[in-house]
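Secondary and tertiary structure notes
Each chain, letter by letter, is given below.
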Amino acid sequence: MSRRTLAVVSAGLSQPSSTRLLADQLAAATRDELTRAGVEVELRLVDLREHAHDVVNNLLTGFPSPALRQALDAVAGADGVVAVTPIFNGSYNGLFKSFFDVLDSGALVDRPVLIAATAGTARHSLALEHALRPMFAYLRAVVVPTAVFAAPEDWSGGTAEGALRARIVRAGGELADQVRRRPTAAPPDPFALTTSFDDLLAGRDRP
Ligand SMILES: Cc1cc2nc3c(=O)[nH]c(=O)nc-3n(C[C@H](O)[C@H](O)[C@H](O)COP(=O)(O)O)c2cc1C
């Protein structure tokens, strides 16, 4: 039986968090699909709420705390990523953006990513297409076609029903398919050079 890891990133701030609930359901749908295909799955949950202070400190100092390093490595070393944010002011929230800002550049190249969001109104569902998808395209990730958006009316007693459930299953299937086709991701090498010294000195160390 082959084995794959999935990182599940939730930027929800509330407790309990509808964003976390959606992330868990997407992870379960992806895992179920991979399991059916004979792939063993390890889920790595990254609740950004727990790393909020460390993410800001990393932005200011350039260095992650040990706990944040573990979370960043969980994402960088995963075979697939489920990335879910609440919509704030018509876009991803600041914590979600800042976490991916401190993730090592190149960490998501060719990595399958499923994007999803929760919000207070269905009117902002296109934030997935005008904010999240372009950000992951910039990071050169492979974003699966189905993005999942959940407005309050999509939840029924804390469970996803009807159209939302169908989208979760479809998106999970697409992520599972991409993850299964690729070789297992190599664990991140903390000592690997991500740029040449020439580029570093010339300030060309960012893509
Ligand atoms: C500062 C702030 C800004 C928000 N902006 C929007 C918005 O622009 N559009 C929207 O539909 N919901 C907006 N919301 C509502 C949240 O997206 C919604 O409550 C979300 O599902 C909360 O996720 P959580 O339960 O994981 O914390 C906003 C909430 C906050 C706190």
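Residues numbered from 1 in each chain as written. Predicted model: local features only at pLDDT ≥ 70, side-chain atom pairs only at ≥ 80, totals over all residues.

As annotated in an unreviewed UniProt entry, the protein carries the name FMN reductase and is attributed to Micromonospora rubida.

Broken down by element type, the protein carries 7 helices and 9 strands. Taking 2.2 N^0.38 as the reference for a compact globule, 207 residues should give roughly 17 Å; the C-alpha atoms of the protein span a radius of gyration of 17 Å, in line with that estimate. Principal axes of the C-alpha set define a box for the protein whose edges measure 55 × 45 × 30 Å. Taking all 207 residues of the protein together, 38% fall into the buried category. Taking the intrachain contacts of the protein between residues at least 6 apart in sequence as the baseline, contacts between residues at least 24 apart amount to 79%. (Helix = DSSP H or I, 4+ residues; strand = E, 2+ residues; numbered from the N terminus. Rg over C-alpha atoms; globule rule 2.2 N^0.38 Å. Buried ≥ 20, exposed ≤ 12 C-beta atoms within 10 Å, placed from the backbone. Contact = placed C-beta atoms within 7 Å.)

Looking now at the environment of Arg181. Tracing the sequence through the fold places Arg181 in helix α6 (residues 162-181). According to the C-beta neighbour criterion, Arg181 is exposed, with 8 such atoms within 10 Å. Between the C-alpha atom of Arg181 and that of Leu164, which follows or precedes it by 17 residues, the distance is 26 Å.

What follows concerns the site of the ligand. Taken together, 16 residues form the shell around the ligand, and within it Gly12, Ser14, Ser17, Thr19 and Ala119 come nearest. Counting residues per element, the ones that place at least two in the shell around the ligand are α1 (18-36) and β3 (80-88). Looking at the shell around the ligand element by element, the count peaks at 3 residues for β3. Class assignment for the residues of the shell around the ligand results in 5 nonpolar, 11 polar and no charged. (Near = placed C-beta within 6 Å. Nonpolar A, V, L, I, M, F, W, Y, C, P; charged D, E, K, R; others polar.)

Turning our attention to α1. Counted at 1.5 Å a residue, the expected span for α1 with its 19 residues is 27 Å, and the 27 Å between its end C-alpha atoms agrees. Backbone geometry just after α1 places Gly38 at a positive phi near 85 degrees. (Expected span 1.5 Å × (residues − 1).)

The subject of this paragraph is the nonpolar core. Side chains of a nonpolar character, in soluble globular proteins, are inclined to be buried together. Within the largest apolar cluster, 54 residues are counted, with the highest numbers of intra-cluster contacts made by Val9, Leu26, Val75, Val82 and Val84. Among all residues touching Val82, those that are not within four sequence positions of it are Leu6, Val8, Val9, Ala23, Leu26, Ala27, Thr30 and Leu114. (Core = buried A, V, L, I, M, F, W, Y, C linked by C-beta atoms within 7 Å.)

To continue, consider unusual backbone geometry. Note: most residues except glycine have negative phi, and most peptide bonds are trans. With an omega of 0 degrees, the peptide bond running from Gln15 to Pro16 counts as cis. Mapped onto the secondary structure, Pro16 falls in the loop between β1 (2-10) and α1. Not every positive phi belongs to a glycine, and Asn89 is a case in point at roughly 50 degrees. As for its placement among the helices and strands, Asn89 is situated in the loop between β3 and β4 (91-92). Despite not being glycine, Arg140 has its phi angle at roughly 60 degrees, a positive value. Topologically, Arg140 is positioned in the loop between α5 (127-138) and β6 (142-143). Judged by local crowding, Arg140 falls into the partly exposed class, with 13 C-beta atoms found within 10 Å.

Axis separation between α1 and α6 bottoms out at 8 Å; the angle between their running directions is 55 degrees. Taken together, the axes of α1 and α6 are oblique relative to one another. Taken as a pair, α1 and α6 cross one another with a handedness that is right-handed. Together, Gln25, Leu26, Ala29, Thr30, Glu33 and Leu34 of α1 and Ile168, Val169, Ala171, Gly172, Gly173, Leu175, Ala176, Val179 and Arg180 of α6 make up the contact between the two elements. Taken together, the residues of the contact of α1 with α6 break down into 9 nonpolar, 4 polar and 2 charged. (Axes fitted to C-alpha atoms, helices over the stretch in contact; angles between N-to-C directions. Parallel < 35°, antiparallel > 145°, perpendicular 65-115°, else oblique. Left-handed = near helix turned anticlockwise from the far one by under 90°.)

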